[in-house]
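# Breakdown of the fold
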Amino acid sequence: MTSIVLFGPPGAGKGTQATRITQSTGLPQVSTGDMLRAAVKKGTPTGIAAKQFMDAGQLVPDSIIIDLIKERVKEPDAANGLMFDGFPRTVPQAEALANITEVTHVIAIEVPDSKIVERICGRYSCSSCGAVFHDKFNPTSTKGICDECGSGELKRRADDNETTVKQRLNAYHQQTSPLADWYENRGIFHRIDGDREIDNITQDILLALK
Ligand SMILES: [Zn+2]
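The following refers to the structure shown.

Basis of the calculations
- Residues numbered from 1 in each chain as written.
- Predicted model: local features only at pLDDT ≥ 70, side-chain atom pairs only at ≥ 80, totals over all residues.
- Heavy atoms only, no water.
- Helix = DSSP H or I, 4+ residues; strand = E, 2+ residues; numbered from the N terminus.
- Buried < 20%, exposed > 50% of the residue type's maximum accessible area, 1.4 Å probe, protein only.
- Polar contact = N/O pair within 3.5 Å; in protein donor to acceptor, adjacent residues only side chain to side chain.
- Core = buried A, V, L, I, M, F, W, Y, C linked by side-chain atoms within 4.5 Å.
- Contact = heavy atoms within 4.5 Å.
- Donors = N, O, S within 2.8 Å, 3.2 Å for Na, K, Ca; no water.
- Tetrahedral: all angles 85-135°; square planar, octahedral: opposite > 155°, others 65-115°.
- Pairing = 2+ DSSP bridges.
- Axes fitted to C-alpha atoms, helices over the stretch in contact; angles between N-to-C directions.
- Parallel < 35°, antiparallel > 145°, perpendicular 65-115°, else oblique.
- Left-handed = near helix turned anticlockwise from the far one by under 90°.
- Nonpolar A, V, L, I, M, F, W, Y, C, P; charged D, E, K, R; others polar.

Another aspect to go through is the environment of His-105. Considering the arrangement of structural elements, one finds His-105 in strand β4 (residues 105-110). Using a relative accessible area of 11% as the deciding quantity, one classes His-105 as buried. Within the structure, His-105 has its side chain in polar contact with the backbone oxygen of Ala-208 (distance 3.4 Å).

Now the structure itself:
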């Protein structure tokens, strides 16, 4: 059995790699958000409990998330393991997860903060068709005009600015460093250099999973 926890800061390409890991290993991707939505929709006892907090605009407590994971690991498609994305976020959550299922690999995609800032802050998109461009890596061929649909409505997201991105990265590092230590002590933590070609990153992740 292989059960993976996937870490990566915003803008590190975690979503792309998660899709590829799922394709290569067949392990279902599990995010707490998806599990919550599914449980609420199905109306399971845990889902009903979770909905009360969600409706009140409150964070769903760990105990409910843990119950959801307990239910999730029993589903038939989880027989060979799961890939957890966005969970655990704290050491107590990691301890709880260890009591439910054995995590065999923790994959951390690492990209220097300065590169993340460059990746995220250079992004802009077309308001008409949604095409995404980048100042440095993928600029429009004519300045200010969308290559896909010819619209002149190109926009940047307000939270894609340097100050906000740095705040998000600091929060990410503060949150993940105790977890990284915790998993490193258990000898299952794999740091993957995410500042390379997408294929090379995937290759290294699959190697780490062997
Ligand atoms: Zn467009």
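Turning our attention to the nonpolar core. Soluble globular proteins: nonpolar side chains tend toward being buried together. With 29 residues, the main nonpolar core has Val-5, Phe-7, Leu-97, Val-106 and Tyr-183 as its most contacted residues. Listed by contribution, the elements that provide at least two residues to this core are β1 (4-7), α2 (32-42), α4 (62-72), α5 (91-100), β4 and α7 (162-185). Within the second largest apolar cluster, 20 residues are counted, among which are Ile-21, Leu-27, Val-165 and Leu-169.

As a further point, take the environment of Glu-162. For Glu-162, the location among the structural elements is in helix α7. Once you skip the residues sitting within four places of it in the chain, Glu-162 turns out to touch Val-117 and Cys-121. Of note is the side chain of Glu-162, whose polar atom sits 2.8 Å from the side chain of Lys-166.

At this site the zinc ion is bound by Cys-126 (SG), Cys-129 (SG), Cys-146 (SG) and Cys-149 (SG), with donor distances of 2.3 Å. Considering all 4 donor atoms around the zinc ion, angles at the metal cover 106 to 114° and the coordination shape is tetrahedral. Counting residues between consecutive donors of the zinc ion along the chain gives the motif C-x2-C-x16-C-x2-C. On the criterion of sequence distance, the pair formed by Cys-126 in strand β5 (residues 123-126) and Cys-149 in the loop between β6 (132-134) and β7 (154-155) is long-range, its members being 23 residues apart. For Cys-149, a relative accessible area of 40% puts it in the partly exposed group.

Moving on, we come to the sheet that holds β6. Within the open sheet, the 3 strands sit side by side as β6-β5-β7. Their pairing is antiparallel. Only two strands of the sheet have a single partner each, and these edge strands are β6 and β7. Of the pairings in the sheet, the one linking β5 to β6 comprises 3 bridges and is antiparallel in character. Residue pairing across strands places Ser-125 opposite Val-132, the latter belonging to β6.

Further remarks concern the pairing of β4. Of all the 6 residues making up β4, 5 are buried; the element is thus mostly covered by neighbouring parts of the structure. Judged from the 4 bridges that link them, β1 and β4 form a sheet pairing that is parallel. Note on β4: the bridge partner recorded for Leu-6 is Ile-107. With 5 bridges joining them, β4 and strand β8 (residues 189-193) adopt parallel strand pairing. What sits directly across from Glu-110, in β8, is Asp-193.

In this section: the packing of α2 against helix α3 (residues 45-55). In contact at an axis separation of 8 Å, α2 and α3 are set at 110° when each is read in the N-to-C sense. What the angle tells us is that α2 and α3 run roughly perpendicular. Pair α2 / α3 crosses with left-handed handedness. Across the interface between the two elements, Leu-36, Ala-39 and Val-40 from α2 touch Gly-47, Ala-50, Lys-51 and Met-54 from α3. When grouped by side-chain class, the residues that make up the contact of α2 with α3 number 5 nonpolar, 1 polar and 1 charged.

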